[in-house]
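# Chain and residue survey
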Amino acid sequence: MSVVVLLVMILYVLLAVGFVLLVRWITPKKLYRWLAVAFVILLPTWDALLGYMIYYPACLFVSKVAVYETAKTDGIYYEGVKEQVYKLDRKYENQTEEELTAVGAITVFGTFARGYSFAESKVVEEYVRTFTEKRPITPVVYRCTYLPEDLSKPERKKRKCFVVKKIQSKYAVKVSTFKLGPAQINFKKIIEISSGKLMAEYNRVALRSPIGIIVPFFSWLDWADGVGIGQQCPGTEGEYLDFEFKVLKPRH
């Protein structure tokens, strides 16, 4: 992917130089030449520049971490966090379809490793073609439970995920995300479902890292979207990702 991006960047530079020279040939006026230069610079990066302009003021006025109340729970319900369902490759003959079903927000080494009995998530997309494409589906709630360890296969981390009609968890982690170029703002709220009480909130302002390049290049076309977080405020990415685990403690 990095090689393709580099080749496209080189091609664009050649076309941009040709465009500026064409404008220079058409008209002797320097104003038009500078406008042409500004155009070829801003065309691939305007959203990135706007994103950086948003990042620093948002860090001052939007970023926030607050915990009002903590609780112990058997499970957590997620909404707005990695809302995809997908199928794992079969490794054992007796694996069921529920064992092969996985949900982005719920992982064996994340939620279950911390001691929760189950986790639930609202799913709105499914992966197809080996995680290279996503397609929307009718919103549905999945529940995942961690199965007992198979002593004959200790390396096998078993869980099953299945569709449910009713949310079992008493607490929800709801995330809203807004993106502009490399900038994004995440509003993570932890809520007691029955009362709607706000228990904690984490407003994160972040700059995403582009794929394989330093300078964002036509990211507004969504062809080289950011992967990972380059910098953020407040705190670190790990603190943001683990925030709910500090507010909602496993009961066991």
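Residues numbered from 1 in each chain as written. Predicted model: local features only at pLDDT ≥ 70, side-chain atom pairs only at ≥ 80, totals over all residues. Heavy atoms only, no water.

## Description of the environment of Asn186
Here Asn186 is to be found in strand 10 (residues 183-192). In the structure, Asn186 is positioned 19 residues away from Val205 in sequence and 6.5 Å away in space, judged by C-alpha atoms. Leave out the neighbours within four places in its chain, and Asn186 touches Ser176, Thr177, Tyr202, Asn203, Arg204 and Tyr240. Here Thr177 takes part through its side chain, which lies 2.9 Å from a polar atom of the side chain of Asn186. (Helix = DSSP H or I, 4+ residues; strand = E, 2+ residues; numbered from the N terminus. Contact = heavy atoms within 4.5 Å. Polar contact = N/O pair within 3.5 Å; in protein donor to acceptor, adjacent residues only side chain to side chain.)

## Here's the deal with the pairing of strand 7 (residues 133-146)
Two strands pair when backbone bridges link them, and strand 6 (residues 118-128) and strand 7 are joined in this way by ten bridges, in the antiparallel orientation. From the neighbouring strand, Tyr127 faces strand 7, where its bridge partner is Lys134. Both strand 7 and strand 8 (residues 159-164) contribute to a ladder of six bridges, which runs antiparallel. Residue pairing across strands places Tyr146 opposite Arg159, the latter belonging to strand 8. (Pairing = 2+ DSSP bridges.)

## Here's the deal with the state of the cysteines
Summed over all chains, the structure comprises two disulfides. Bridging Cys59 to Cys233, the disulfide has an S-S length of 1.9 Å. Because the torsion about its S-S bond is -105°, the bridge between Cys59 and Cys233 counts as left-handed. Linking Cys59 in helix 2 (residues 30-61) with Cys233 in strand 12 (residues 229-233), this pair joins segments that are 174 residues apart in sequence. (Disulfide = S-S within 2.5 Å.)

## Considering a nonpolar patch on the surface
Judged by side-chain polarity, Leu7, Ile10 and Leu14 come together as a nonpolar surface patch covering roughly 310 Å² of accessible area. Counting through the fold element by element, Ile10 comes out in helix 1 (residues 2-26). Residue classification places Ile10 among the partly exposed positions, given a relative accessible area of 45%. (Patch = residues over 30% accessible without salt bridge, like charges linked within 9 Å, V, L, I, M, F, W, Y side chains within 5 Å. Areas by Shrake-Rupley, 256 points an atom, 1.4 Å probe, with all protein chains shown as cover. Salt bridge = Lys/Arg side-chain N within 4 Å of Asp/Glu carboxyl O. Buried < 20%, exposed > 50% of the residue type's maximum accessible area, 1.4 Å probe, protein only.)

## Remarks on the side chain of Thr101
Its location among the elements puts Thr101 in strand 5 (residues 101-103). Residue classification places Thr101 among the buried positions, given a relative accessible area of 6%. Only 2.6 Å separates the side chain of Thr101 from the side chain of Lys87, close enough to count as a polar contact.

## Observations regarding the pattern of salt bridges
Between side chains of opposite charge, a pair can form as their charged atoms come close. Under the criterion given, the structure shown has eleven salt bridges. A salt bridge links Lys64 to Glu201; the nearest nitrogen and oxygen atoms lie 3.1 Å apart. Separated by 137 residues along the polypeptide, Lys64 in strand 1 (residues 64-67) and Glu201 in strand 11 (residues 197-208) bring together distant segments of the chain. What makes Glu201 buried here is its relative accessible area of 7%. Among the salt bridges present, the one from Glu97 reaches Lys87, with a minimum N-O distance of 3.4 Å. Here Glu97 is found in helix 3 (residues 97-100), whereas its partner Lys87 is found in strand 4 (residues 84-87), with ten residues between them in sequence. Looking at Glu97, the relative accessible area reads 45%, which means it is partly exposed. Given the relative accessible area of 44%, Lys87 is considered partly exposed. When salt bridges with common partners are traced through the structure, they connect Lys64, Lys189 and Glu201 into a single cluster.

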